[in-house]
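Survey of secondary and tertiary structure
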Amino acid sequence: MRALFARHALLPQGWQRDVLLEWDTRGDLTRVVPQAAAPLAVARADYVVPGMANLHSHAFQRAMGGLTERAEASANGGPDSFWTWRDLMYRFAARITPEQIEAIAAQLFVECLRHGYTSLCEFHYLQRGPGGQAYVRPAETAERVAAAGHATGMGLTLLPVLYSHAGFGEQPLKIEQARFRTGVDDIFGIVDALGPLRGPQFEVGAAPHSLRAATVNQVRELAASLPAGRPLHIHIAEQQGEVDQCIAFSGRRPVEYLMEQVDLDERWCLVHATHLNDEELRTLARSGAVAGLCPTTEANLGDGLFPLQAYIEAGGRFGIGSDSHVSQSPVEELRWLEYGQRLLHQRRNIAFTKEQRDVGQYLWQAALRGGAQATGRRVGALEEGRRADLLVLDGTHPNLDGAADEDVMGRFLFCGNDNLVRDVLCGGRWVVQAGRHMAQDTVAQRYRQAINELREQSEVGQ
Ligand SMILES: [Zn+2]
């Protein structure tokens, strides 16, 4: 039966009662009818919300989660930072095989689905073999991520990453970056190779890694040649050090420099965009591009805080991503996003607008809109023509039992640590039921095997 009757469902216009949802064999919503009569023999649910888009992921980094939380002495004697973390990540990335990439990605996607993400944008830069050798199939590792998406039911946007330089001014890649090396032609080769996989659950965009790793000419070439409507993502202004390097090279700040070189519009997702001045903030907000915020990773790496309040007031669009996967929960990302701002401003209730003063509901709906835009797929709302991606929240949990509509998102996002996502429908398929993903045991077994192999390889390598 491709239908669900929700006593309470979060639609674009807000909470509605007695909503009948129907979808077709392709997994698209065909009817969304509030105040419907409950049909016989249709499954029922208490609280239904749209599944969240995760707009920034490096899937392989899931296997590093929790392994970099020990104070290391850095080469220059400075404190641990993004840059010392990156050295550890490079060592990890040097060894990983395509089979291991697939196993790690599948484990990640199961966890993300179980916590309420139904779409994910994979910013994929591990394109070559160990030592920088090209694979026979140029899209070998990207296809592994796609296979993990297919096996777990996750809706994917795959973004092959253009990565040509180690820093501003076309610095040659370091040896530990050899697996990432691509030019513009390589990216189009991978985009073409992935073309036959495109469909309602899988889209292909492209991503210049950053203004450090791609020149502005390369960024322009990529943007001009990628088919219209396909998403373009870029890391930007994550670290103050990156801002300083960009100014030293170009006389411009990163967002300012990018905006001078390309027409920023709805296709673009600027990942992190943490360090913005007022002018950059206003121009980015006006552009229609999405700011890709990754609060748990940005906190873990000590990046800084995005100026969310001013950005919302300027009408800016944003979504959330789990990036390095220290968390796989959209609840935790949105909670951190709001709490970071409260700590910064020493105030409560930051993320809201005049039209939507409920912080939980505002955050979920805004991150849905921005995240959906960044995927380039028809997702992000319970409305006809979009993908049938929804979460059934556990209406029997003490936090939600009997909750009034206006309290549901506050309780979901800001109370407790239990996972309140009970069932997940993704692309019209029930992939999670009663908290269990359909393939979680086999996926976990392969993941354990991959981790054991990686551990043995690292012991041999020492
Ligand atoms: Zn990233």
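Just so we're clear, the structure is a prediction, and the values are computed from it rather than from any experiment. (Residues numbered from 1 in each chain as written. Predicted model: local features only at pLDDT ≥ 70, side-chain atom pairs only at ≥ 80, totals over all residues. Heavy atoms only, no water.)

**Considering the overall build of the protein chain**
When helices and strands are tallied, the protein chain shows 14 helices and 17 strands. Here the protein chain has a C-alpha radius of gyration of 21 Å; the compact-globule value for 462 residues is 23 Å, and the two agree. Oriented by its inertia axes, the alpha-carbon framework of the protein chain measures out at about 65 × 45 × 45 Å. Counting every position in the protein chain, which comprises 462 residues, the buried fraction comes to 60%. (Helix = DSSP H or I, 4+ residues; strand = E, 2+ residues; numbered from the N terminus. Rg over C-alpha atoms; globule rule 2.2 N^0.38 Å. Buried < 20%, exposed > 50% of the residue type's maximum accessible area, 1.4 Å probe, protein only.)

**Focus: the UniProt feature "domain: Formimidoylglutamate deiminase N-terminal" (unreviewed entry) in the protein chain**
The feature "domain: Formimidoylglutamate deiminase N-terminal" (unreviewed entry), as annotated in UniProt, sits at residues 1–37 in this numbering. End-to-end, the C-alpha atoms of residues 1–37 are 17 Å apart, and along that stretch the chain is 0% helix and 65% strand. (UniProt positions renumbered as here; feature names shortened; annotations may be inferred.)

**A short note on the coordination of the zinc ion**
Each protein donor to the zinc ion is listed here as His56 (NE2), His58 (NE2) and His235 (NE2); together their distances run 2.1 to 2.2 Å. Spacing between the donor residues of the zinc ion along the chain follows H-x1-H-x176-H. Residue His56 is classed as buried on the basis of its relative accessible area of 0%. Taking the relative accessible area as the measure of exposure, His58 reaches 4% and is therefore buried. (Donors = N, O, S within 2.8 Å, 3.2 Å for Na, K, Ca; no water.)

**Brief notes about the nonpolar core**
If you look at soluble globular proteins, the nonpolar side chains tend to sit buried side by side. Ranked by size, the top nonpolar core spans 128 residues in total, and within it Trp268, Leu270, Phe318 and Trp364 carry the most contacts. No fewer than three residues from each of domain 1 (3–50 + 383–440) and domain 2 (52–375) sit in this core. (Core = buried A, V, L, I, M, F, W, Y, C linked by side-chain atoms within 4.5 Å. Domains from an automatic or database assignment.)

**Quick look at the pattern of salt bridges**
On inspection of all chains with the given rule, the structure shows 21 salt bridges. Linking Arg387 and Asp28 is a salt bridge whose minimum nitrogen-to-oxygen distance equals 2.8 Å. Remark: Asp28 occurs in the loop between strand 2 (14–23) and strand 3 (29–33) and Arg387 occurs in the loop between helix 12 (359–375) and strand 14 (390–393); sequence separation between them is 359 residues. You can call Arg387 buried: its relative accessible area is 3%. Between Arg252 and Glu260 there is a salt bridge, with the nearest N and O atoms lying 2.4 Å from each other. With a relative accessible area of 30%, Arg252 lands in the partly exposed category. Look at Glu260 and you get partly exposed, because its relative accessible area is 46%. (Salt bridge = Lys/Arg side-chain N within 4 Å of Asp/Glu carboxyl O.)

**Topic: unusual backbone geometry**
Despite not being glycine, Ala237 shows a phi value in the positive range, around 50 degrees. In this structure, Ala237 sits in the loop between strand 10 (232–236) and helix 6 (240–250). We classify Ala237 as buried; its relative accessible area is 0%. One non-glycine residue with positive phi stands out, namely Ala434, at about 50 degrees. The exposed category is assigned to Ala434, whose relative accessible area is 63%.

**Regarding the pairing of strand 12 (residues 290–293)**
Here strand 12 shows two buried faces, one formed by Val290 and Gly292 and the other by Ala291 and Leu293. Sheet topology places strand 12 next to strand 13 (residues 317–320); four bridges connect them, and they run parallel. Of the residues in strand 13, the one forming a bridge with Leu293 is Ile320. (Pairing = 2+ DSSP bridges.)

**Thoughts on the pairing of strand 16 (residues 429–433)**
As defined by bridge partners, strand 15 (residues 421–426) adjoins strand 16 across three bridges and the pair is classed as antiparallel. Note on strand 16: the bridge partner recorded for Leu425 is Trp430. In this antiparallel pair of consecutive strands, strand 15 and strand 16, the connection spans two residues, and Gly427 shows a positive phi of 55 degrees. Here strand 16 runs beside strand 17 (residues 436–437); their pairing, made up of two bridges, is antiparallel. The residue bridging Gln433 from the neighbouring strand is Arg436, located in strand 17. A loop of two residues connects strand 16 with strand 17, the two strands running antiparallel in sequence, and Ala434 in this loop sits at a positive phi of about 50 degrees.

**Observations regarding the side chain of Gln107**
Residue position: Gln107 is located in helix 2 (residues 98–115). Looking at Gln107, its side chain comes within polar contact range of the side chain of Glu111, at 2.7 Å. Ignoring sequence-local partners within four residues, the contact set of Gln107 consists of Val443, Ala444 and Tyr447. (Polar contact = N/O pair within 3.5 Å; in protein donor to acceptor, adjacent residues only side chain to side chain. Contact = heavy atoms within 4.5 Å.)

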